[in-house]
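Chain residues, written in single-letter form:
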Amino acid sequence: MKSFGSRELIRCLKHLHFVQQPQVGSRHLKFRCPKEHQAGERPFIEVLQAKSEYDSITQRKIRGTLKKHGFGEDEILSAMWE
């Protein structure tokens, strides 16, 4: 998978129908998942703004979180690069 930054991640989350929550005084944006979540799992994803490229470990964690929310690798890839 190609590397991605905050711009690509935000576009991906919007394509996957995540809903942006109000920003409260930080550099992080919060996106709420449209699908049901399991108990103990965060129902949102936080995105650090103005990041041109995330490191490989962070990218892997983000993809893993999206998979836990019920999205497949193909869905993530197509939403990321549309």
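So, here is what we can say about the structure in this document. Predicted, not measured: the structure shown is a model, and the values here were computed from it.

1. Some remarks on the overall build of the protein
Phase 1 of the analysis: Looking only at helices and strands, the protein has three helices and three strands in total.
Phase 2 of the analysis: Seen in sequence order, the protein has helices and strands lined up from the N terminus as α-β-β-β-α-α.
Phase 3 of the analysis: Here the C-alpha radius of gyration of the protein, 12 Å, is about what a compact globule of 82 residues would show, namely 12 Å.
Phase 4 of the analysis: Going through the 82 residues of the protein one by one, you find that 34% of them count as buried.
Phase 5 of the analysis: Across the protein, the fraction of contacts at a sequence separation of at least 24, relative to all contacts at a separation of at least 6, is 54%.
Phase 6 of the analysis: Counting only carbon and sulfur atoms, one obtains 48% of the accessible surface of the protein, whose full area is about 5,500 Å².
Phase 7 of the analysis: Computed over 15 positive and 10 negative side-chain charges, the separation of the two mean positions in the protein equals 5 Å.

2. Some thoughts on the environment of K2
Phase 1 of the analysis: In this structure, K2 sits in the segment before α1 (6–15).
Phase 2 of the analysis: C-alpha of K2 to C-alpha of W81: the two residues are 79 residues apart in sequence and 9.3 Å apart in space.
Phase 3 of the analysis: Setting aside residues no more than four positions away along its own chain, K2 makes contact with Q59 and W81.

3. As for the state of the cysteines
Phase 1 of the analysis: Under the criterion given, the structure shown has zero disulfides.
Phase 2 of the analysis: Cysteine C33 is unpaired, with the sulfur of C12 as its nearest cysteine sulfur at 11 Å.

4. So, the pairing of strand β2 (residues 28–32)
Phase 1 of the analysis: Residues L29 and F31 of β2 are buried on one face, while the alternating residues H28, K30 and R32, pointing to the opposite face, are not.
Phase 2 of the analysis: Here strand β1 (residues 19–20) runs beside β2; their pairing, made up of two bridges, is antiparallel. In the strand pairing of β2, Q20 is matched with F31.
Phase 3 of the analysis: With five bridges connecting them, β2 and strand β3 (residues 44–48) associate as antiparallel partners. In the sheet register, K30 faces β3, and the bridge partner there is E46.

5. Points about the sheet that holds β1
Phase 1 of the analysis: The three strands are arranged β1-β2-β3 in an open sheet whose pairing can be described as antiparallel. A strand with exactly one partner marks an edge of an open sheet, and here the two such strands are β1 and β3.
Phase 2 of the analysis: Contacts from α1 reach β1, β2 and β3 within the one sheet, and its direction differs from that of β3 by about 155°.

The rules we used
Residues numbered from 1 in each chain as written. Predicted model: local features only at pLDDT ≥ 70, side-chain atom pairs only at ≥ 80, totals over all residues. Heavy atoms only, no water. Helix = DSSP H or I, 4+ residues; strand = E, 2+ residues; numbered from the N terminus. Rg over C-alpha atoms; globule rule 2.2 N^0.38 Å. Buried < 20%, exposed > 50% of the residue type's maximum accessible area, 1.4 Å probe, protein only. Contact = heavy atoms within 4.5 Å. Areas by Shrake-Rupley, 256 points an atom, 1.4 Å probe, with all protein chains shown as cover. Lys, Arg positive; Asp, Glu negative; His and termini not counted. Charge placed at Lys NZ, Arg CZ, Asp CG, Glu CD. Disulfide = S-S within 2.5 Å. Pairing = 2+ DSSP bridges. Axes fitted to C-alpha atoms, helices over the stretch in contact; angles between N-to-C directions.

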